[in-house]
Amino acid sequence: MATTSYGYYRGTIFLSMFVGYTLYYFNRKTFSFVMPSLMKEIELDKDDLGMITSSQSLSYAISKFISGVLSDQISARWLFSIGLCMVGGINIVFSWSSTVTVFSALWFLNGLGQGLGWPPCGRVLRKWFEPSQFGTYWAVLSCSMNLAGSFGPIIATVLAQSYSWRTILSVSGMICVAFSFVCLLLIKNEPKEVGLPNIEAAAIHSKEGSFSDKSTMSDFLLSPYLWLLSVSYLVVFGVKTACTDWGQLFLVQDKGQSTLMGSSYMSALEVGGLLGSLAAGYISDKAVATQGKRIYGNPRHFTLICMMAGMFVSMYLFRVTVTPHSSTVWILSLGATFGFFSYGPIALFGVIANESAPANYCGTSHAIVALMANIGGLLSGLPFSTIAKYHGWEMAFWIAEITCGAATIGFFLLRNIRTKMGHVSKKAE
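Residues numbered from 1 in each chain as written. Predicted model: local features only at pLDDT ≥ 70, side-chain atom pairs only at ≥ 80, totals over all residues. Heavy atoms only, no water.

A.B. asks: Looking at this model, I keep getting lost on the overall build of the protein. Mind explaining?
C.D. replies: On a plain count of helices and strands, the protein comes out with 18 helices and zero strands. What you see for the protein is a C-alpha radius of gyration of 21 Å, in line with the 22 Å of a compact globule of 429 residues. Taken over the C-alpha atoms alone, the protein extends approximately 65 × 50 × 35 Å along its principal axes. Per-residue burial for the protein yields a buried fraction of 57% across its 429 residues. Summarising the internal contacts of the protein: among those between residues at least 6 apart in sequence, 86% fall at separations of at least 24. With the model as given, the accessible surface of the protein reaches about 17,000 Å², and the carbon-plus-sulfur share is 69%. (Helix = DSSP H or I, 4+ residues; strand = E, 2+ residues; numbered from the N terminus. Rg over C-alpha atoms; globule rule 2.2 N^0.38 Å. Buried < 20%, exposed > 50% of the residue type's maximum accessible area, 1.4 Å probe, protein only. Contact = heavy atoms within 4.5 Å. Areas by Shrake-Rupley, 256 points an atom, 1.4 Å probe, with all protein chains shown as cover.)

A.B. asks: For this particular structure, what's the right way to read the nonpolar core?
C.D. replies: Note on soluble globular proteins: their nonpolar side chains tend to be buried together. Grouped together as the largest cluster of nonpolar side chains are 109 residues, with contacts concentrated most on F94, L229 and F397. In terms of residues, this core owes the most to one element, helix α13 (residues 224-254), which gives 16 residues. In contact with F397, other than residues within four places in its own chain, are A242, C243, W246, G247, F250, M315, F318, R319 and F384. (Core = buried A, V, L, I, M, F, W, Y, C linked by side-chain atoms within 4.5 Å.)

A.B. asks: What is the right way to read helix α18 (residues 382-413) from this model?
C.D. replies: The α-helix advances 3.6 residues per turn, and as a result positions three or four apart in sequence lie on the same side. Under the 1.5 Å per step criterion, the end-to-end length of α18 is only 31 Å for 32 residues, more than 12% shorter than the ideal 46 Å. Along α18, the helix axis deviates most sharply at H391, where the bend reaches about 130°. (Expected span 1.5 Å × (residues − 1). Bend = angle between axes of the 7 residues up to and from the residue.)

A.B. asks: How do you make sense of the environment of S5 when you look at a structure like this?
C.D. replies: Within the secondary structure layout, S5 lies in helix α1 (residues 2-28). Sequence spacing of S5 and V194 is 189 residues, and the spatial spacing of their C-alpha atoms is 9.3 Å.

A.B. asks: Explanation requested: helix α8 (residues 134-160) in the structure shown.
C.D. replies: For α8, built from 27 residues, the straight-helix expectation of 39 Å at 1.5 Å per residue is met to within 8% by its first-to-last C-alpha distance of 39 Å. Maximum bend of α8: about 35°, positioned at G152, with proline P153 one to four residues after it.

A.B. asks: Just checking my understanding: could you explain the side chain of S16 for this structure?
C.D. replies: With respect to the element layout, S16 can be found in helix α1. Residues contacting S16, with those up to four places away along its chain left out, are F179, C183, L186 and I187.

A.B. asks: Honestly, the packing of aromatic side chains in this entry has me stumped. Any pointers?
C.D. replies: Two numbers describe a pair of aromatic rings. These are the distance of the centres and the angle of the planes. Overall, the coordinates contain 30 aromatic pairs when judged by the stated rule. Each ring, one from F250 and one from F397, has its centre 4.5 Å from the other, and the planes form 15°; the classification is stacked. Of the two residues, F250 sits in helix α13 while F397 sits in helix α18, which places them 147 residues apart along the sequence. Neither F250 nor F397 differs from the other in exposure class; each is buried. (Phe/Tyr/Trp six-rings, centres within 6.5 Å; stacked < 30°, edge-to-face > 60°.)

A.B. asks: Even after reading the chapter, I still don't get the packing of helix α4 (residues 46-70) against α13, so can you show me in this structure?
C.D. replies: Relative placement of two packed helices is described by the angle separating their axes and the distance separating the axes. Where α4 contacts α13, the axes come no closer than 13 Å and their chain directions differ by 165°. Taken together, the axis directions place α4 and α13 in an arrangement best described as roughly antiparallel. Read as a crossing pair, α4 and α13 show a hand that is right-handed. Note on element contacts: α13 touches α4 through W246, L249 and Q253, opposite K46, L49, G50 and T53. Among the residues making up the contact of α4 with α13, the classes are represented as three nonpolar, three polar and one charged. (Axes fitted to C-alpha atoms, helices over the stretch in contact; angles between N-to-C directions. Parallel < 35°, antiparallel > 145°, perpendicular 65-115°, else oblique. Left-handed = near helix turned anticlockwise from the far one by under 90°. Nonpolar A, V, L, I, M, F, W, Y, C, P; charged D, E, K, R; others polar.)

A.B. asks: When you look at the packing of α4 against helix α17 (residues 362-379) in this model, what are you seeing that I'm missing?
C.D. replies: Put simply, α4 and α17 touch, their axes get as near as 8 Å, and they point 175° apart. With respect to their mutual orientation, α4 and α17 come out roughly antiparallel. In this structure, α4 uses S54, S57, L58, Y60, A61, I62, K64, F65, G68 and V69 to contact α17, whose residues at the interface are G363, T364, H366, A367, I368, A370, L371, N374, I375, G377 and L378. Residues belonging to the contact of α4 with α17 are distributed by class as follows: 12 nonpolar, eight polar and one charged.

In structure tokens:
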């Protein structure tokens, strides 16, 4: 009976979070999805576009960091639901606006609401799923972003042929607001809320208590591995965001492709990303099961480094091989390949940050690496578009490509440093 109850609640809660976060991500990217249609109505240059996207990235980084640190003290279902409602409402108001200043202000508020989405998801996953399932379910839930990203550009492009961009944003926002109330009803913070035993307690007492529980904040913050993860995540997320936000315009403006091809490329990228997230979670979980956890190095590193290298290669091929005469299959294949190799590391950085931190600093660990990632997202906005404005999209994407390659080499050279953050007893070492 207990197993049945766990299965029912796990399924209901996970599905609610999956659909909810799909809506979160779709309404985070609606501006990018409708950008071609919006620019036909309102004159915006590259600096304007960069300002709008960067305003969201800045507030998202701040909000996600704060909500990550405080997530253990706030009701996950309320935090998740309030954020979703806020994001939907802002998209509706955005559809009524017409100036860059208002667009930037509203997208800044959108970022604040977006930051409330993922930390509650991580908390609920830890409460409802076994530690051995954590990586896989984290990866599956992160695929909600790929689902929204893959279908979003196509849906927006098709709808734009019959409806204005304002209608698209307004309807999308109303769906968000409505589903936020569904999430409030269906998501439960932990098993004991519905009369079931808390499955996390036993796992916490049985794993690594000899050194995890003795760590101070100073021990944790001085761990070199925390900052290696943070810097690497900054680069990977920044490069990925640059490609998802600007790849469509790069194809249309520099490579002579149609708007539909640009949208199709973005969709292929997200489909590849979905597969990459799943593959990264599954393969690295198998590596952990086979090799076990270590104080130095991490079994997930091999998968992570291979995928970062794949990002570099796929970016290079995208930049140098695509021409106005390139085949549709080749362009879509490049999009899917980049998506596969970029979303895999994004899933792994979050998992590794959580499992490598002391038990009492897991939320803070993820908050810090996520903050660095979103700083990367911020850099992919206005700074990236400014480079493109003065030196062209080719140079901007070349810089992103080289940065990704350098980060991959750096992580490879440091792959065997101590990966257990915080205090480690001499006996454990």
